[in-house]
Amino acid sequence: MSLYENLMKVKKKIDQSTAKSGRDPDSVVLIAVTKEADMDSIRQILEFGIKNLAENYAQKLVRKSEQFTNAIWHFIGRIQTNKLKYIVPRCEYIHSVWREEELKEINKIAERFQKIQKILIEVNVSGEPTKAGVDPIKLEKLLKAASSLSAVQIVGLMTMAPYVENPQEVRWIFSKLRQLRDIYRKDFPSLEHLSMGMSNDFEVALEEGATMIRIGRAIFKGE
Ligand SMILES: *Cc1c(COP(=O)(O)O)cnc(C)c1O
């Protein structure tokens, strides 16, 4: 299958899943995860009208964002504090922040670049000890800490569900993230986005209210 057909298939699923929950498909941000894509495929995907791209390593982000300066870049990988100076100036959104030290460092760098860095807090909903993300019971404390920093804005929550054959098994994770957003949005009104859903589970995530989905394989490999 061609890249175009892969993309159309993903878009059709977005239409179907948002229709189920009565939402406008255009309200969903489709982020193409380019970590395993070559430059030519990325060029094509931009020509097909995709504007949002994501990387999970700082080095690859630097290289690809230099090639594709018109894209809106997202960082979705584990944060290494010493790499933030490369990430902050290039990314509109950073999805994978969950430690207070990271917030402080981002704030410092964002001030230097005179920008307000948009951030999503990664939440470890499933509670697996090896997984990144803040424990839900510590989320409020982190949101409070962020609200005292003037160059960062928390625009949402992000989570990664474990890989399972049947995505229905991880529906509860997406539902829980939405509940957390709804609870804390009362005190932190900028908390808008839910970044959840990857190639194997984005339809379920959309049914549970995802506003940003991060898709790699389904677009670039047709899986
Ligand atoms: C790789 C990756 C994705 C995309 O996963 P696919 O299964 O290729 O769709 C999404 N989010 C994060 C954090 C990733 O590292």
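Conventions we followed
Residues numbered from 1 in each chain as written. Predicted model: local features only at pLDDT ≥ 70, side-chain atom pairs only at ≥ 80, totals over all residues. Heavy atoms only, no water. Helix = DSSP H or I, 4+ residues; strand = E, 2+ residues; numbered from the N terminus. Expected span 1.5 Å × (residues − 1). Buried < 20%, exposed > 50% of the residue type's maximum accessible area, 1.4 Å probe, protein only. Contact = heavy atoms within 4.5 Å. Near = heavy atom within 4 Å. Polar contact = N/O pair within 3.5 Å; in protein donor to acceptor, adjacent residues only side chain to side chain. Areas by Shrake-Rupley, 256 points an atom, 1.4 Å probe, with all protein chains shown as cover. Nonpolar A, V, L, I, M, F, W, Y, C, P; charged D, E, K, R; others polar. UniProt positions renumbered as here; feature names shortened; annotations may be inferred. Salt bridge = Lys/Arg side-chain N within 4 Å of Asp/Glu carboxyl O. Pairing = 2+ DSSP bridges. Right-handed = clockwise from strand over helix to strand, strands pointing away.

A.B. asks: When you look at helix H7 (residues 171-184) in this model, what are you seeing that I'm missing?
C.D. replies: Every α-helix winds through 3.6 residues per turn, so residues three or four apart in the chain are directed the same way. When the terminal C-alpha atoms of H7 are compared, their 20 Å separation across 14 residues agrees well with the 20 Å that a helix rising 1.5 Å per residue should span. Residues of H7 that are buried: Ile-173, Phe-174, Ser-175, Leu-177, Leu-180, Arg-181 and Tyr-184. Contacts from the buried residues of H7 go to helix H6 (139-147), strand E6 (152-158), strand E7 (193-195) and helix H8 (202-207).

A.B. asks: Help me understand the site of the ligand, please; the structure alone is not making it clear to me.
C.D. replies: All residues in the neighbourhood of the ligand are listed as Val-33, Lys-35, Ile-76, Met-160, Met-198, Ser-199, Arg-214, Ile-215, Gly-216 and Arg-217. Contact distances for the ligand include 2.8 Å between an oxygen atom and a side-chain N or O atom of Lys-35. Within the side chain of Ser-199, one N or O atom sits 2.5 Å away from an oxygen atom of the ligand. Protein burial of the ligand: of its 380 Å² of free accessible surface, 91% is covered by the chains. When its residues are assigned to classes, the shell around the ligand shows five nonpolar, two polar and three charged.

A.B. asks: Could you clarify how one ought to interpret the UniProt feature "domain: Alanine racemase N-terminal" (unreviewed entry) in the protein in this entry?
C.D. replies: UniProt's feature table lists "domain: Alanine racemase N-terminal" (unreviewed entry) at residues 30-221, given in the numbering used throughout. Taken as a whole, residues 30-221 contains 36% helix and 19% strand, while its terminal C-alpha atoms sit 16 Å from one another.

A.B. asks: For this particular structure, what's the right way to read the UniProt feature "modified residue: N6-(pyridoxal phosphate)lysine" (unreviewed entry) in the protein?
C.D. replies: Within this structure's numbering, the places UniProt gives as "modified residue: N6-(pyridoxal phosphate)lysine" (unreviewed entry) are Lys-35. In this structure, Lys-35 sits in the loop between strand E1 (29-33) and helix H2 (39-47). In this structure Lys-35 comes out as partly exposed when scored by relative accessible area, which is 33%. The residues contacting Lys-35, other than those within four sequence positions of it, are Ala-54, Glu-55, Asn-56, Lys-60 and Lys-64.

A.B. asks: Before we go on, may I ask you to explain the pattern of salt bridges in this structure?
C.D. replies: Side-chain pairs of opposite charge can arise where the charged atoms are in close proximity. Per the counting criterion, the structure on display carries 15 salt bridges. The salt bridge involving Glu-140 is made with Lys-144; its shortest N-O contact spans 3.8 Å. Within this pair, Glu-140 and its partner Lys-144 are both found in helix H6, separated by four residues, close to a single helical turn. Residue class for Glu-140 comes out partly exposed when judged on its relative accessible area of 29%. The shortest N-O distance in the salt bridge between Asp-182 and Arg-181 comes to 2.9 Å. Among the residues examined, Asp-182 registers a relative accessible area of 30% and is labelled partly exposed. Its relative accessible area of 9% is what places Arg-181 among the buried residues. Put simply, Lys-20, Arg-171, Arg-178, Glu-207 and Glu-208 are held in one network by salt bridges that share partners.

A.B. asks: What's the story with the pairing of strand E3 (residues 72-75) in this structure? I'm lost.
C.D. replies: When a strand is regular, its side chains alternate between the sheet's two faces. Here strand E2 (residues 52-55) runs beside E3; their pairing, made up of four bridges, is parallel. Along E3, the bridge assignment pairs Ala-54 with His-74. Traced from E2 through helix H3 (residues 58-67) to E3, the parallel crossover comes out right-handed. Where E3 lies against strand E4 (residues 93-97), two bridges are found, and the strand directions are parallel. Looking across to E4, one finds that His-74 is bridged to Tyr-93.

A.B. asks: Can you help me understand unusual backbone geometry in this one?
C.D. replies: Most peptide bonds adopt trans geometry, and most residues besides glycine take a negative phi value. Despite not being glycine, Gln-114 shows a phi value in the positive range, around 50 degrees. Accessibility expressed as a relative area gives 75% for Gln-114, which makes it exposed.

A.B. asks: How should I be thinking about the side chain of Thr-159 in this particular structure?
C.D. replies: Assignment of secondary structure puts Thr-159 in the loop between E6 and H7. According to the relative accessible area criterion, Thr-159 is buried, its value standing at 2%. A distance of 2.8 Å separates the side chain of Thr-159 from the backbone oxygen of Val-123, its partner in a polar contact. Leave out the neighbours within four places in its chain, and Thr-159 touches Val-123, Val-125, Ile-173, Phe-174, Leu-177, Ser-195, Met-196 and Arg-214.

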